[in-house]
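Structural overview for review
Listed below are the residues making up each chain.
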Amino acid sequence: MVTKRTEHKWGMVVDLDRCTGCQACVVACQAENNIPINTKDYFQQRRAYEWIRIERYWEGEFPNVKARFIPILCQHCENAPCEPVCPVFATYHNDEGLNVQIYNRCIGTRYCSVNCPYSVRMFNYWQPNWPDRFRNQLNPDVTVRTRGIMEKCTFCVQRLRRGEVNVERRGLEPLTGERITGEKKLNYRQMKEGNYLPACVQSCPTNALQFSDQHDETGPVKERFDEANEQIETRHHGGHVDESHTRVYRLFEEVGTKPNVIYLKKVDSFPLEKA
Amino acid sequence: MLPLMVAGGVVTVIMGFVLVVLLISWFSNPPFGLGNAPPQPIAFPHTVHVAENNIQCEFCHRNVTKGEAATVPAVETCLFCHKDIDGGNVTAQAEIEKVRTAFETDTPINWERVHRLPDHVRFIHEAHIRYFTDDDIPIKYGINGEVLADTPDVALTCTICHGDVGNKTVVKPKTGQSLKMGTCLDCHKDNNVPTDCTVCHK
């Protein structure tokens, strides 16, 4: 028997009302995860990649027009379509609700990216290359992925692991501050919000991205996930959800992937007049 | 018929060659003489320091109980003893003189790395030593599943993976365990600690 690591289940809430489309999350992700610099060339070949991207939509007709932004990252689906199609089991679900990609196992068949409804799995077309002055900027906690493999958002799992070691090293309960002793030490890997934040969440200037354990009573996301799960239950039993009273939704909910990322609808005080 | 036979022979030879290469790289770890000791700038004998004079591992490899890498000691650490001690014989004195020169001229000693893990593996020395030297954990298992004596000290913990470095004049990668993934996994399973891929792979 192998120890169950934690009771954690990580989740993210994206508040579209707060998102200004500033791209700080994209830059933070790029820096944290050693993602190579996308040049104009790469974009024109449609081979540029970002683990989190801001999609922009125009609403209305010129000159009555509004910009809408939506950050799209790996949804860490419960029923991930990418997982069963991998021939070498390079992607799997771990017991913390993370959809994990193991780079050194991946052989680059790209089945997963074909099967992903969100287009968040990125294929590495080139040997990554940085200008010399950027070499010391690379994050030592993340591998520099070679050419020819799939990669994607990991919810910055390297930060989770580093946080765990720090929690264990200090040997204190994060919530009460008591010293952990005895057999409890073996199973003790509890993290709380603040010990572990992905780079995008940390960098978001408007707190549009929020991240914590879905079961954490004090965390910012539990309420939203409860609401979303309730909706799913209601729909599952044939009930009707009044969408004008709730902001919670998941991307492509009808596909049934059960994402661990929840979006909150934009609240528009001055909607465009319909022509 | 003859050209066909020649072609068949060539294919057999090539396949045989590939097979031999694969066998060598699988069974001899690391393959092709990479397991030999790299030449070091100073002939440092672990035997004298550890076996004869009983210096603990963490006295020189200071970071091993604090962080990720064990680290090689700074020149100042050597000088801590060697400003007074100058070895028993002429060869030892010559080697120690190199250390003193490095200290006086402010030049670091370019030690060659012996144990090297791939880039996609994270190994934290401190976490492992903390686990093995912890009094609260009742039973701890070694690499081959043997039960360790109650609460090993730091030096004994090091030998679990690195082998008996204290009695080796020259340290080779082969001195201890092979440091393959199977070795890590066996020990993790025996000790009932997590084996999720992301624990080690990054």
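Our subject in this report is the structure included herewith. (Residues numbered from 1 in each chain as written. Chains lettered and ligands numbered in written order. Predicted model: local features only at pLDDT ≥ 70, side-chain atom pairs only at ≥ 80, totals over all residues. Heavy atoms only, no water.)

Brief notes about helix α8 (residues 181-190) of chain B
Residue and element names in this part refer to chain B. Within the span of α8, buried status applies to T183, C187 and H188. The arc enclosing the buried residues of α8, seen along the axis, measures out at 125°, which places them on a common side. At its buried positions, α8 is contacted by α6 (125-132) and α9 (197-200). Positive backbone phi, approximately 60°, marks N192, located one or two places after α8. (Buried < 20%, exposed > 50% of the residue type's maximum accessible area, 1.4 Å probe, protein only. Helix = DSSP H or I, 4+ residues; strand = E, 2+ residues; numbered from the N terminus. Arc of directions from axis to C-beta. Contact = heavy atoms within 4.5 Å.)

A look at the environment of B:I14
All names here are of chain B. Tracing the sequence through the fold places I14 in helix α1 (residues 2-27). Since its relative accessible area comes to 49%, I14 is described here as partly exposed. Separated by 118 residues in sequence, I14 and F132 have C-alpha atoms that sit 48 Å apart.

Here's the deal with the pattern of salt bridges
All names here are of chain A. With the rule as written, the count across this model stands at 22 salt bridges over all chains. Across the pair R135 and D132 runs a salt bridge, and its minimum N-O distance is 3.9 Å. You can call R135 partly exposed: its relative accessible area is 43%. D132 sits in the exposed class, given a relative accessible area of 67%. Put simply, R145 and E151 hold a salt bridge, and the shortest N to O gap is 3.0 Å. (Salt bridge = Lys/Arg side-chain N within 4 Å of Asp/Glu carboxyl O.)

Comments concerning unusual backbone geometry
Residues and elements named next belong to chain A. Each neighbour pair has its own omega, and for F62 with P63 the value is 5°, a cis peptide bond. With respect to the helices and strands, the residue P63 is situated in the loop between β2 (53-59) and β3 (66-72). The phi angle at F252 is positive, at roughly 50°, despite the residue not being glycine. By secondary structure assignment, the location of F252 is in the loop between β9 (248-249) and β10 (261-264). Under the relative-accessibility criterion, F252 is labelled partly exposed at 40%. Its identity is not glycine, yet K258 carries a phi of approximately 50°, on the positive side. By relative accessible area, K258 is classed as partly exposed at 41%.

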